Amino acid sequence: MSRPPARKPARKGARNLPGARFLAARLGPKAAEDEDDLATVRDPRAVGLPLRAMLPNAITAAALCSGLTGIRFAIDGQWALAIGLVVLAGVLDGIDGRIARLLNAQSRFGAELDSLADSLSFGVAPALILFLWSLHDWPRFGWFAALAFAICCALRLARFNARIDTDDQPHKSAGFLTGVPAPAGAGLAFTPFYLWTETGLEFFRHPVVTAAWLALIAVLMISNMATLSWASLRPRRSIRLGLIAFVGLAFAALLLEPWWTLSAISVVYLALVPYGLVKYGRIKRRRRQEQAASAAAPASGDPA
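Each value, and the rule that gives it
By convention here, each chain's residues receive numbers from 1 onward along its written sequence. Reporting in this predicted model follows two pLDDT cut-offs: at least 70 for local features of residues, and 80 or more for side-chain atom pairs to be given and counted; totals over whole chains, interfaces and linings ignore these cut-offs and use all residues. The basis for the side-chain values is all heavy atoms of the structure; hydrogens and waters are excluded. Here a strand is any run of E in DSSP of at least two residues, a helix any run of H or I of at least four, and the numbering for each starts at the N terminus. Buried, partly exposed and exposed residues are distinguished by accessible area as a fraction of the type maximum, computed with a 1.4 Å probe on protein chains only: under 20%, between the cut-offs, and over 50%, respectively. For this analysis, residues touch if any pair of their heavy atoms sits within 4.5 Å. Every residue is assigned a pLDDT by the predictor, reflecting its confidence on a scale from 0 to 100. Between N-to-C directions, angles cover 0 to 180 degrees, with each direction set by a line fitted to C-alpha atoms, over the stretch in contact for helices. Between 65 and 115 degrees an angle is taken as roughly perpendicular, under 35 as roughly parallel, over 145 as roughly antiparallel, and anywhere else as oblique. Handedness of a crossing follows from how the near helix is turned relative to the far one, being left-handed for an anticlockwise turn of less than a right angle and right-handed for a clockwise one. Each residue receives one of three labels: charged for Asp, Glu, Lys and Arg, nonpolar for Ala, Val, Leu, Ile, Met, Phe, Trp, Tyr, Cys and Pro, and polar for the others, Gly being one of them. Think of it this way: a Phe, Tyr or Trp ring, Trp meaning its six-membered ring, pairs with another when their centres are within 6.5 Å, and the plane angle makes it stacked under 30 degrees, edge-to-face over 60, tilted otherwise. Residues forming no salt bridge and having over 30% relative accessible area are the ones grouped into patches, like charges within 9 Å of each other and nonpolar side chains (Val, Leu, Ile, Met, Phe, Trp, Tyr) within 5 Å. For the area figures, the Shrake-Rupley method with a 1.4 Å probe applies, and any residue is considered shielded solely by the protein chains shown. The term salt bridge refers to a pairing of a side-chain nitrogen on Lys or Arg with a carboxyl oxygen on Asp or Glu at a separation within 4 Å. Here a helix's expected span is defined as the number of its residues, less one, multiplied by 1.5 Å. Relevant arc is that of directions from the helix axis to the C-beta atoms, nothing else. Buried Ala, Val, Leu, Ile, Met, Phe, Trp, Tyr and Cys residues form a nonpolar core when they are joined through side-chain atoms within 4.5 Å.

For the rest of this paragraph, the subject is the overall build of the chain. When its secondary structure is counted, the chain shows 11 helices and two strands. Going from N to C terminus, the chain has its helices and strands arranged as α-α-α-α-α-α-β-α-α-α-β-α-α. In the chain, which comprises 304 residues, the proportion classed as buried is 35%. Pairs at least 24 residues apart make up 78% of the contacts formed inside the chain by residues separated by at least 6 positions.

Here the chain averages 80 in pLDDT, while 79% of its residues score no lower than 70. Taken together, the stretch residues 8-47 has pLDDT below 50 and engages in 32 contacts with residues farther than four places along the chain or on a different chain.

Close contact between helix α3 (residues 79-102) and helix α4 (residues 108-133) brings their axes to 11 Å; oriented N to C, the two are set at 165 degrees. By the angle class used here, α3 and α4 are roughly antiparallel. Regarding α3 and α4, the two cross each other, and that crossing is left-handed. Contacts from Trp79, Ala82, Ile83, Val86, Ala89, Gly90, Asp93 and Asp96 of α3 reach α4 at Asp114, Asp118, Ser121, Phe122, Ala125, Pro126, Ile129, Leu132 and Trp133. Looking at the contact of α3 with α4 residue by residue, the classes come out as 11 nonpolar, two polar and four charged.

According to the stated counting rule, one finds 10 aromatic pairs in the structure shown. Note on Trp138 and Phe141: the rings are 5.2 Å apart at their centroids and 40 degrees apart in plane angle, and the pair reads as tilted. With relative accessibility at 30%, the residue Trp138 sits in the partly exposed group. Ring plane angle 90 degrees and centroid distance 5.3 Å describe the contact between Phe193 and Trp259, whose orientation is recorded as edge-to-face. Pair noted here: Phe193 is in helix α8 (residues 191-199) and Trp259 is in helix α11 (residues 258-301), with a separation of 66 residues, a long-range link.

This part takes up a nonpolar patch on the surface. A cluster of nonpolar side chains, namely Trp138, Phe141, Trp143, Phe144, Leu147, Ile151, Leu155, Val208 and Ile222, defines an oily patch on the protein surface of about 800 Å² accessible area. At six residues, the largest contribution of residues to the nonpolar patch is made by helix α5 (residues 139-162). For Leu147, the position within the fold is in helix α5. Taking relative accessible area as the criterion, Leu147 reaches 33% and is therefore assigned partly exposed.

So, about α5. End to end, α5 covers 34 Å across 24 residues, agreeing with the expected 34 Å (1.5 Å per residue, within 8%). Here α5 has its buried residues at Gly142, Ala145, Ala146, Phe149, Ala150, Cys152, Cys153, Arg156, Leu157, Arg159 and Asn161.

The subject of this paragraph is helix α7 (residues 182-189). Within α7, the full set of buried residues consists of Ala182, Gly185, Ala186, Leu188 and Ala189. Buried residues along α7 cover an arc of 165 degrees about the axis, so they all sit on one side.

Side chains of nonpolar character tend, in soluble globular proteins, to be buried together. With 49 residues, the main nonpolar core has Phe149 and Phe193 as its most contacted residues. Broken down by secondary-structure element, the contributors of at least two residues to this core are α2 (51-75), α3, α4, α5, α7, α8, α9 (207-222) and α11. The element that contributes the greatest number of residues to this core is α3, accounting for eight residues. Once you skip the residues sitting within four places of it in the chain, Phe149 turns out to touch Phe122, Gly123, Pro126, Ala127, Gly185, Ala186, Ala189, Leu214, Ile217, Ala218 and Met221. Listed in part, the six residues of the second largest apolar core include Ala174, Phe176, Tyr280 and Ile283.

Encoded structure:
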């Protein structure tokens, strides 16, 4: 009697996870190290995005909606609401990354979504709002200035994405940023509107002034200069309580006199740019001295 053909042994994990290879082909590699591997998931119905990873991305989507809704109010001529929504998008943009780190929910998907949202909220939205507010009176060159700002914002974010996995980042390793970040650039771009609202001077709404200012901020965003970040600010212990009180008063001023306060923040930020360059120059010199000393140390220890 002939024996029935032997059945091929099932691959390891195939019983517990039917279609795992198909899901792996569809989903691709893990976006972050803390995500579960498909080979360890027992129930295929449990494969999905965990709630802790959804929260930062939901905040990023809310920031995107806030920035784009500002365009809608700008079309209706409600300038304060339009710019206020872009400022709100900047606040939400500063929250989503910190919540992701707090929940240990960083992922490449979140980084890409954040960059795309920033490009629209802090590049496209400010450019269109300022064009509708002022630059439309100078149609040809005003539109070029708006395009330059939006393009430079996108280029800055593309450069940031390209350097995410790069180990050699001198600015980042020293606690600095490269160029003016996109949210700060959007806030600086609206400075003529802040001053026009409070002073009523049409000079700040002149399309030539707005275009020149927008071009300056665009150049600062794509520049290679080192700018201060929160990581590089180390206040002394003796002034920390006073600094907390100052931040509280600044928040109260933002509620009572928002446009003057935002103007002051813009001026202070621009004033700190030279300070950041000087501070980073000192760090570069110290690094060069340390490298020279480490290179000379083995040579000095060689026998004569």
